[in-house]
Amino acid sequence: MTFKIVAEAKPNTFAFETAALVKPSGFREYDARWWFGHPASAQPPELNLVGVQALGMGLGTLIRRLGVGPGIVTGHDFRSYSLSIKLALVSGLMATGAKVKDIGLALSPMAYFAQFALDVPSVAMVTASHNENGWTGVKMGAQRPLTFGPEEMASLRDIVLGGDFDLTGGGSYEFVPDFRQTYVDDLVASGTISRKLKVVAACGNGTAGAFAPEVLERIGCEVIPLDVELDHTFPRYNPNPEDMKMLHAIRDKVLETGADVGLGFDGDGDRCGVVDNEGNEIFADKVGVMLARDISSQHSGSTFVVDVKSTGLFNTDDVLRANDAKTDYWKTGHSYIKRRVAELGAIAGFEKSGHFFFNPPIGRGYDDGLVTAIAVCRMLDRNPETSMADLYRDLPLTFGTPTMSPHCDDDKKYGVVERVVADFQVLKQRGEVFAGQKIVDLVTVNGVRVVAEDGTWGLVRASSNKPELVVVVESPVSAERRRQMFEGVDAVLRRSPDVGPYNQTF
């Protein structure tokens with residue numbers, strides 16, 4: 001079968017209905033994201049339904065060539081167009097002989113769980129995660145609990161854009177009824193907590209609203225719902241627990257109700273954000289340090305994996321050292337951390353974005369915001385006389401920033417980062433002073449993390465799923481040193497005219 005694959009097509013035309021629109025930049029490092037279109041936006045679409053069908057054909061072809069069985073789980077998030085995208089994807093998968101099990105409306109971790117519960121090797125979850133309305137995408141894997149990395153995504157891109165499909169036919173489709181309840185029952189199977197916790201469950205009107213309140217209630221929490229009604233217009237803010245607007249809303253509800261903790265979930269439920277009982281918005285890397293302390297106190301000698309955006313406390317915290325914990329800093333991205341956790345046999349992995357990965361006995365190795373929420377509640381349960389704010393205060397003080405993302409086009413961002421890395425390498429080689437001090441280390445496993453003599457650091461990397469760069473800064477010394485490092489990093493960035501304004505700063 002010959003498919004005409006195009007990178008551009010104008011909506012409401014014959015060409016748009018008859019060609020497969022698949023913009024190449026939608027194949028990201030570890031999943032796929034495209035702008036599908038939105039009535040309020042003039043931005044042209046990067047994908048159409050024929051293109052989604054071609055994507056399904058490409059995915060089914062790749063899985064066959066990887067030597068994986070034909071079984072694949074699929075589900076979709078709560079957006080106005082996600083069901084139609086999933087069905088177009090399914091039609092393409094079936095054309096390659098795939099045996100599709102459809103779990104319906106789902107969270108991404110519910111689809112990962114289905115790979116285990118239904119004994120199916122592969123997954124294709126239709127979701128744009130926390131991206132704004134108008135975006136769509138697919139998170140894919142063929143080796144549970146892992147999802148695709150750069151090699152698989154490059155192979156998928158080449159198959160789809162080249163129209164190189166193995167259309168053997170013989171596929172099948174089965175809808176799995178009531179799978180939501182199977183997933184929820186599994187989450188709460190470890191029993192209830194003893195401590196009576198009052199918990200704000202914030203879902204930003206995303207898919208997690210259909211799951212989080214019930215799960216938290218069933219483990220014994222008093223739940224205060226916040227924006228849990230499913231509404232794919234996202235009327236208040238984007239369901240993104242890294243977004244300060246969502247964190248501020250959780251803070252306000254916690255303070256209004258006297259809750260013990262606020263928990264926020266992103267659009268597809270694989271991330272969790274935390275606000276303490278005093279309204280402090282705790283960045284996820286600091287939550288990771290608290291959880292690492294708790295886990296390593298029960299499992300001495302634990303290994304943890306964290307991404308390069310995360311706090312330096314994982315290396316310097318006295319409690320983690322006393323518990324003989326070891327930490328490996330690795331590339332940002334849910335697929336990268338998930339894979340690294342599996343490779344090292346780590347008990348957990350943490351990302352500053354709020355993706356947390358727990359191996360047995362806590363989880364199955366994939367990222368699940370609800371498993372994270374339960375872990376936070378159990379940590380509080382094990383410390384019945386201590387508040388979330390007390391646990392936060394007990395951490396050594398550092399001065400960090402939220403994740404800040406200046407705009408940079410997809411076809412420019414990696415080149416900009418390469419230039420920034422080179423600039424910092426020259427500065428270090430010359431022994432020049434940068435942001436008030438000499439550079440003592442450059443971590444280049446993922447972009448560049450520049451470290452000063454006093455431990456203050458700044459990170460620049462390319463976003464893996466949006467046309468943006470990512471900037472994070474932390475100082476163990478002072479807010480002023482944090483500001484100095486940010487201004488220094490920003491000055492290096494501004495040498496490139498392709499770098500636009502930030503989505504948020506501090």
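Residues numbered from 1 in each chain as written. Predicted model: local features only at pLDDT ≥ 70, side-chain atom pairs only at ≥ 80, totals over all residues. Heavy atoms only, no water.

Peer 1: Is there a simple way to think about the overall build of the chain in this case?
Peer 2: Within the chain, the secondary structure is distributed over 16 helices and 23 strands. Here the C-alpha coordinates of the chain stretch approximately 60 × 60 × 40 Å along the principal axes. For the chain, with 506 residues in total, the buried portion stands at 61%. At a minimum sequence separation of 6, the contacts of the chain that also span at least 24 residues come to 69%. Summed over its atoms, the accessible surface of the chain is roughly 18500 Å², and 50% of this surface lies on carbon and sulfur atoms. Between the centroid of the 52 positive side chains of the chain and the centroid of its 65 negative side chains there is a distance of 2 Å. (Helix = DSSP H or I, 4+ residues; strand = E, 2+ residues; numbered from the N terminus. Buried < 20%, exposed > 50% of the residue type's maximum accessible area, 1.4 Å probe, protein only. Contact = heavy atoms within 4.5 Å. Areas by Shrake-Rupley, 256 points an atom, 1.4 Å probe, with all protein chains shown as cover. Lys, Arg positive; Asp, Glu negative; His and termini not counted. Charge placed at Lys NZ, Arg CZ, Asp CG, Glu CD.)

Peer 1: Which parts of the structure should I look at to understand the sheet that holds strand 4 (residues 71-76)?
Peer 2: Read from one edge to the other, the open sheet built from six strands follows the order 3-7-6-4-5-8, with strand pairing classed as mixed. Across the chains shown, the open sheet's two edge strands, defined by having one partner strand only, are strand 3 (32-35) and strand 8 (172-175). Between one strand and the next, the sheet's axes are offset by a mean angle of 20°, whatever the strand orientation. Across five bridges, the pairing between strand 4 and strand 5 (residues 99-105) is parallel. In the strand pairing of strand 5, His76 is matched with Leu105. Taken strand by strand, helix 4 (residues 108-117) contacts strand 4, strand 5, strand 6 (122-126) and strand 7 (135-141), and its axis lies near 165° from that of strand 6. (Pairing = 2+ DSSP bridges. Axes fitted to C-alpha atoms, helices over the stretch in contact; angles between N-to-C directions.)

Peer 1: Is there a simple way to think about the nonpolar core in this case?
Peer 2: In a soluble, globular protein the nonpolar side chains are often hidden away together inside. Judged by nonpolar contacts, the single largest core of 70 residues is most densely connected at Leu216, Leu263, Phe350 and Val376. Of the residues forming this core, the biggest block, nine residues, is contributed by helix 13 (residues 369-381). Those residues in contact with Val376 that sit more than four places away from it in its chain are Val261, Leu263, Val274, Val287, Leu291 and Met388. The next biggest cluster of nonpolar side chains, apart from the first, holds 36 residues, and it includes Phe3, Tyr81, Val126 and Val138. (Core = buried A, V, L, I, M, F, W, Y, C linked by side-chain atoms within 4.5 Å.)

Peer 1: I'm lost on the sheet that holds strand 15 (residues 326-330) in this one. Help?
Peer 2: Two modes of strand pairing occur in sheets, parallel and antiparallel, and in both the strands are linked by backbone hydrogen bonds. Here we have four strands laid out as an open sheet, ordered 15-14-16-17, and mixed in their pairing. At either margin of the open sheet sits one strand with a lone partner, and together these are strand 15 and strand 17 (356-358). Across the sheet, the axes of successive neighbouring strands diverge by a mean angle of 15°, strand direction being ignored. As judged from the five bridges shared by strand 14 (residues 303-307) and strand 15, these two strands associate in the parallel manner. Its bridge partner being in strand 15, Asp307 is matched across the sheet by Trp330. Sitting on the sheet, helix 9 (residues 284-298) touches strand 14, strand 16 (348-350) and strand 17, and the angle it makes with strand 17 is about 20°.

Peer 1: What exactly am I supposed to notice about the packing of aromatic side chains here?
Peer 2: In this description, a pair of aromatic rings is defined by centroid distance and the angle of the planes. Counted according to the given criterion, the structure contains 16 aromatic pairs. Plain terms: the ring middles of Phe424 and Phe434 are 5.1 Å apart, the flat faces sit at 90° to each other, and that makes the pair edge-to-face. Of this pair, Phe424 sits in helix 15 (residues 410-430) while Phe434 sits in strand 19 (residues 433-434), and the two are 10 residues apart along the sequence. Pairwise contacts between aromatic rings join Phe304, Phe314, Phe350, Phe356 and Phe358 into one cluster. Over the ring of Phe211 we find Arg180; its NZ or CZ atom is 5.3 Å from the centre of that ring. Over the face of the ring belonging to Trp457 we find Arg449, whose NZ or CZ atom lies 3.5 Å from the ring centre. (Phe/Tyr/Trp six-rings, centres within 6.5 Å; stacked < 30°, edge-to-face > 60°. Lys NZ or Arg CZ within 6 Å of the ring centre and 35° of its normal.)

Peer 1: Sorry if this is basic, but what is going on with the side chain of Lys253 here?
Peer 2: Within the secondary structure, Lys253 sits in helix 8 (residues 244-257). Setting aside anything within four residues of it in sequence, one finds Lys253 in contact with Val200, Ile224 and Leu226.

Peer 1: Explain the side chain of Lys352 to me, please; I cannot follow it from the model alone.
Peer 2: Structurally, Lys352 can be placed in the loop between strand 16 and strand 17. Exposure remark for Lys352: the relative accessible area of 5% places this residue in the buried category. A distance of 3.2 Å separates a polar atom in the side chain of Lys352 from the backbone oxygen of Thr401. Once residues lying within four places of it in the same chain are set aside, the contact partners of Lys352 are Glu242, Phe283, Ala284, Asp285, Asp307, Lys309, Ser310, Thr401, Pro402, Thr403 and Val472. (Polar contact = N/O pair within 3.5 Å; in protein donor to acceptor, adjacent residues only side chain to side chain.)

Peer 1: What's the story with unusual backbone geometry in this structure? I'm lost.
Peer 2: Across the chain, the bulk of peptide bonds are trans and the bulk of non-glycine residues have phi less than zero. In this chain, Arg144 is followed by Pro145 through a cis amide linkage whose omega measures 5°. Position of Pro145 relative to the elements: it lies in the loop between strand 7 and helix 5 (150-161). Cis geometry is found at the peptide bond from Pro360 to Pro361, where omega equals 10°. Along the chain, Pro361 turns up in the loop between strand 17 and helix 13. In this structure, Asn205 takes a positive phi of about 65° despite not being glycine. Structurally, Asn205 can be placed in the loop between strand 9 (198-202) and helix 7 (212-218). For Asp227, which is not glycine, the phi torsion reads 55° and is therefore positive. Position of Asp227 among the secondary structure elements: in the loop between strand 10 (222-226) and helix 8.

Peer 1: Which parts of the structure should I look at to understand the environment of Thr372?
Peer 2: Relative to the helices and strands, Thr372 is located in helix 13. For Thr372, a relative accessible area of 0% gives the class buried. Counting along the chain gives 16 residues from Thr372 to Phe356, while the straight-line C-alpha distance between them is 6.5 Å. With residues near it in sequence (within four places) discarded, Thr372 still touches Cys272, Phe356 and Phe358.

Structural measurements only, silent on function.
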